Amino acid sequence: MAMRAAILRHIKVPVRSQALAGLRSREWNLSGGALVRFMSSHDEHLTKEEVMERVLSVVKSFPKVDPSTVTPDVHFQKDLGLDSLDNVEIVMALEEEFKLEIPDLEADKIDSTRLAIEYIYNHPMAG
Amino acid sequence: MSAAAAAATTAGYLARRAAQKQRVRILYRRALKDTLNWAVHRHLFYQDASDLRERFEVNKNVESLDAIDRMIAEGEATYNKWRHPDPYIVPWAPGGSKFTRNPTPPEGIEIIYDYGREDND
């Protein structure tokens, strides 16, 4: 309670900007989610180069893959000679690498390094 | 059988095969994740994952559609029976420990840290 009072005493809310914030929140509802606001303090976004490098290193370290054949645009099953279950394992390894939780149906569609890089780069929580 | 009927049968067969393949992939994915949930250590997981893979590989060459359907149903039942009650969930995801926690404060609100030197004191 004392803590709360102490913190409240330190918070300053300028009236003008609060009114603005009110306006803005109404805009959010109108724009139908065009402006995405992430409810977390997590705001470092990965660069495309970093995503690419880490995705490739995960794919290269997969035991059944010859590292020299991995490029930013290979299809796991057609180019690397893996089967569908290997594909599942790679996607799971990528999820762990980037601390992601990909819904099953979306993960099922990731079948090449290009798609994986694209998906992870566009994921707000990839870390 | 006419050509059209044959084509329709082939299309139906392919569609059913595709659906089965997807079910198997998703079942394998869920089972693999659950294997990780059950493994207390990473080095235990590798053996369990390899065993799981073996169980899928055994039936790799089954051709009969109905037999495959039965096996998938069995696999899904086994998966449901052994589902982990408290699976690992990435913190920000629904059910995770950080889900909807620590939201950024609205713009315009700031905490001024002046450590006891408030202006109204």
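Worth saying up front: this structure is predicted, and the values here are computed from it rather than measured. (Residues numbered from 1 in each chain as written. Chains lettered and ligands numbered in written order. Predicted model: local features only at pLDDT ≥ 70, side-chain atom pairs only at ≥ 80, totals over all residues. Heavy atoms only, no water.)

**Thoughts on the pattern of salt bridges**
Where side chains of opposite charge bring their charged atoms close, a pairing between them can arise.
Okay, so step 1: This model, assessed by the stated rule, comprises 20 salt bridges over all chains.
Okay, so step 2: A:Glu95 is the partner of B:Arg29 in a salt bridge, and the nearest nitrogen-oxygen pair spans 2.9 Å. Residue B:Arg29 is found in helix H1 (residues 3-38), and its partner A:Glu95 is found in helix H4 (residues 84-97); the two belong to separate chains.
Okay, so step 3: Residue B:Arg29 is classed as buried on the basis of its relative accessible area of 3%.
Okay, so step 4: The closest approach of N and O atoms between B:Arg30 and A:Asp104, which form a salt bridge, is 2.6 Å. A residue pair is termed interchain when its members come from two chains, as with B:Arg30 in helix H1 and A:Asp104 in helix H5 (residues 104-109).
Okay, so step 5: Note on A:Asp104: relative accessible area 18%, which makes it buried. (Salt bridge = Lys/Arg side-chain N within 4 Å of Asp/Glu carboxyl O. Helix = DSSP H or I, 4+ residues; strand = E, 2+ residues; numbered from the N terminus. Buried < 20%, exposed > 50% of the residue type's maximum accessible area, 1.4 Å probe, protein only.)

**Here we look at the UniProt feature "domain: Carrier" (unreviewed entry) in chain A**
Okay, so step 1: Taken from the UniProt record, the annotation "domain: Carrier" (unreviewed entry) applies to residues 49-124 of chain A.
Okay, so step 2: With 54% helix and 0% strand, the stretch residues 49-124 of chain A has end C-alpha atoms that lie 16 Å from each other. (UniProt positions renumbered as here; feature names shortened; annotations may be inferred.)

**Observations regarding the side chain of B:Asn37**
Okay, so step 1: Tracing the backbone shows B:Asn37 in helix H1.
Okay, so step 2: Among the polar contacts made by the side chain of B:Asn37, one reaches the main-chain amide nitrogen of B:Tyr88 at a distance of 3.0 Å. (Polar contact = N/O pair within 3.5 Å; in protein donor to acceptor, adjacent residues only side chain to side chain.)

**Describing the UniProt feature "domain: Complex 1 LYR protein" (unreviewed entry) in chain B**
Okay, so step 1: Following the UniProt record, the feature "domain: Complex 1 LYR protein" (unreviewed entry) maps to residues 22-76 of chain B here.
Okay, so step 2: Across residues 22-76 of chain B, the secondary structure splits into 84% helix and 0% strand, with the terminal C-alpha atoms separated by 13 Å.

**Side note on the nonpolar core**
Okay, so step 1: Among the nonpolar cores identified, the biggest contains 26 residues, and A:Val55, A:Leu80, A:Leu94, A:Phe98 and A:Ile120 are the most heavily contacted of them.
Okay, so step 2: Broken down by secondary-structure element, the contributors of at least two residues to this core are helix H3 (48-60), H4 and helix H6 (113-121) of chain A.
Okay, so step 3: Non-local contacts of A:Leu80, meaning those with residues more than four positions away in its chain, are made with A:Val59, A:Val65, A:Thr69, A:Val70, A:Val74 and A:His75.
Okay, so step 4: Judged by nonpolar contacts, the second largest core, of 13 residues, contains A:Val88, B:Phe45, B:Leu52 and B:Phe56. (Core = buried A, V, L, I, M, F, W, Y, C linked by side-chain atoms within 4.5 Å. Contact = heavy atoms within 4.5 Å.)

**A word on the packing of aromatic side chains**
All names here are of chain B.
Okay, so step 1: For the structure shown, the criterion picks out two aromatic pairs over all chains.
Okay, so step 2: Considering the side-chain rings of Phe45 and Tyr46, the 5.9 Å spacing of their centres and the 55° angle between planes classify their relative orientation as tilted.
Okay, so step 3: The class of Phe45 is buried, set by a relative accessible area of 6%. (Phe/Tyr/Trp six-rings, centres within 6.5 Å; stacked < 30°, edge-to-face > 60°.)

**Quick word on a nonpolar patch on the surface**
Residues and elements named next belong to chain B.
Okay, so step 1: Together, Ile111, Tyr113 and Tyr115 line one region of the surface with nonpolar side chains, adding up to about 410 Å² of accessible area.
Okay, so step 2: Mapped onto the elements, Tyr115 comes out in the segment after strand S1 (110-111).
Okay, so step 3: Looking at Tyr115, the relative accessible area reads 67%, which means it is exposed. (Patch = residues over 30% accessible without salt bridge, like charges linked within 9 Å, V, L, I, M, F, W, Y side chains within 5 Å. Areas by Shrake-Rupley, 256 points an atom, 1.4 Å probe, with all protein chains shown as cover.)

**A look at H1(B)**
Okay, so step 1: For H1(B), which comprises 36 residues, the first-to-last C-alpha distance of 52 Å matches the rise-based estimate of 52 Å (1.5 Å per residue) to within 8%.
Okay, so step 2: By the burial criterion, the buried members of H1(B) are B:Gln20, B:Ile26, B:Leu27, B:Tyr28, B:Arg29, B:Ala31, B:Leu32, B:Asp34, B:Thr35 and B:Asn37.
Okay, so step 3: In this structure, the buried residues of H1(B) make contact with H4 and H5 of chain A together with helix H2 (42-58) and helix H3 (65-81) of chain B. (Expected span 1.5 Å × (residues − 1).)

**Quick notes on H4(A)**
Okay, so step 1: In this model H4(A) runs 20 Å from its N-terminal to its C-terminal C-alpha over 14 residues, within 8% of the 20 Å that 1.5 Å per residue would give.
Okay, so step 2: Taking burial as the measure, the 14 residues of H4(A) include ten buried ones, the bulk of the element.
Okay, so step 3: Considered for burial, the residues of H4(A) that qualify are A:Leu85, A:Asp86, A:Asn87, A:Val88, A:Glu89, A:Ile90, A:Val91, A:Met92, A:Leu94 and A:Glu95.
Okay, so step 4: Next to the buried residues of H4(A) lie H3, H5 and H6 of chain A together with H1 and H2 of chain B.
Okay, so step 5: Phi turns positive one or two residues past the end of H4(A), at A:Lys99, with a value near 50°.

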